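The lines below spell out each chain.
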Amino acid sequence: MIKTKKFQLTKKEYFSFIIRILLKKRWWLYSFILFLSISILFKDDKNSSDIFMIVFGFLFPSITFLQYWLFANSKENKIIFKERQHEVFSDKIVSRMGEISEGTIDMQNFIKVFELKDLYLLYISKGQCLYFPKRIFETPEDENWFRNEVFLKIKNK
């Protein structure tokens, strides 16, 4: 069993990790759209559909990022930014949010995991996950235990 440090995400951290997840999954789409727009931009003979593609190619990623920024900064997400702490056992995770709220999730309920450079995500459903920034572990041994006993077991399930 390990106990994490108390932590809370900032809006900037939350926005950063949802954008990184988006780009990790759909980098090819944004690359293709931007490549197509840039190649049309340098074309000599442009028609109206070319102009549309150039505008679309630069606006689509910008609008997507703006939507994610608005989502990350929404007042409806204030629960995501509450201070929390996790106790991780080999068969369950007990999460405490603030002083009053506590929840227990059995390891068998996690359906998928995802790792970023500084974050572990354990998914309960398609849109719901527990996040474990790597900075919250007390020691490197705790992080290694978490990675081996929890993260990799769920990943290999």
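Above this text sits the structure in question.
No experiment lies behind these values; they were computed from the predicted model shown.

What counts as what
Residues numbered from 1 in each chain as written. Predicted model: local features only at pLDDT ≥ 70, side-chain atom pairs only at ≥ 80, totals over all residues. Heavy atoms only, no water. Pairing = 2+ DSSP bridges. Helix = DSSP H or I, 4+ residues; strand = E, 2+ residues; numbered from the N terminus. 1 Å grid on protein atoms, 1.4 Å probe; cavity = no way out; pocket = protein on both sides within 12 Å on 5 of 7 lines; lining within 4 Å. Points joined across faces, edges and corners; volume = space filled by probe spheres on them. Nonpolar A, V, L, I, M, F, W, Y, C, P; charged D, E, K, R; others polar. Core = buried A, V, L, I, M, F, W, Y, C linked by side-chain atoms within 4.5 Å. Buried < 20%, exposed > 50% of the residue type's maximum accessible area, 1.4 Å probe, protein only. Contact = heavy atoms within 4.5 Å. Salt bridge = Lys/Arg side-chain N within 4 Å of Asp/Glu carboxyl O. Axes fitted to C-alpha atoms, helices over the stretch in contact; angles between N-to-C directions. Parallel < 35°, antiparallel > 145°, perpendicular 65-115°, else oblique. Patch = residues over 30% accessible without salt bridge, like charges linked within 9 Å, V, L, I, M, F, W, Y side chains within 5 Å. Areas by Shrake-Rupley, 256 points an atom, 1.4 Å probe, with all protein chains shown as cover.

A. Inspection of the sheet that holds strand β2 (residues 84–88) at higher detail. A sheet is described by the order of its strands in space; here four strands give the open sequence β1-β2-β3-β4, paired in antiparallel fashion. A single partner strand is all that each edge strand has here, and the edge strands are β1 (2–3) and β4 (101–106). Sheet topology places strand β3 (residues 92–97) next to β4; six bridges connect them, and they run antiparallel. Within β4, the position partnered with R96 by the bridge is E102.

B. Quick look at the layout of surface pockets. Looking at the largest pocket, its volume works out to about 880 Å³. Only α1 (11–41), α2 (48–72), β2, β3, β4, β6 (119–125) and β7 (128–133) provide two or more residues apiece to the lining of the largest pocket. Residue contributions to the lining of the largest pocket peak at seven residues, all from α1. By residue class, the composition of the lining of the largest pocket is 16 nonpolar, seven polar and seven charged.

C. Geometry of the nonpolar core. Residues F17, L122, F132 and F146 are the most contacted members of the largest nonpolar core, which totals 32 residues. For this core, the secondary structure elements donating two or more residues are α1, β5 (112–116), β6, β7 and α3 (140–155). Of the residues forming this core, the biggest block, five residues, is contributed by β6. Contact partners of F17, with chain neighbours within four places excluded, come to L9, L116, L119 and L121.

D. Focus on the pattern of salt bridges. In this structure the tally under the stated criterion is eight salt bridges. Here K43 makes a salt bridge to D50, at a shortest N to O gap of 2.8 Å. A salt bridge links K153 to E149; the nearest nitrogen and oxygen atoms lie 3.0 Å apart. Taken together, the residues span about one helical turn, with K153 and E149 both in helix α3 at a distance of four residues.

E. Fine view of the packing of α1 against α2. One way to put it is that α1 packs onto α2 with a least axis distance of 10 Å and a crossing angle of 180°. In this view, α1 runs roughly antiparallel relative to α2, as classed from their interaxial angle. Classifying every residue of the contact of α1 with α2 gives 25 nonpolar, three polar and two charged.

F. Representation of the pairing of β7. Inspection of the sheet shows β6 paired to β7 by six bridges, in the antiparallel sense. Of the residues in β7, the one forming a bridge with Y123 is C129. In sequence, β6 turns back onto β7 through a hairpin of two residues.

G. A look at a nonpolar patch on the surface. There is a patch of nonpolar side chains on the surface, built from I38, L41, F42 and F58 and spanning about 390 Å² of accessible area. Accessibility expressed as a relative area gives 37% for L41, which makes it partly exposed.

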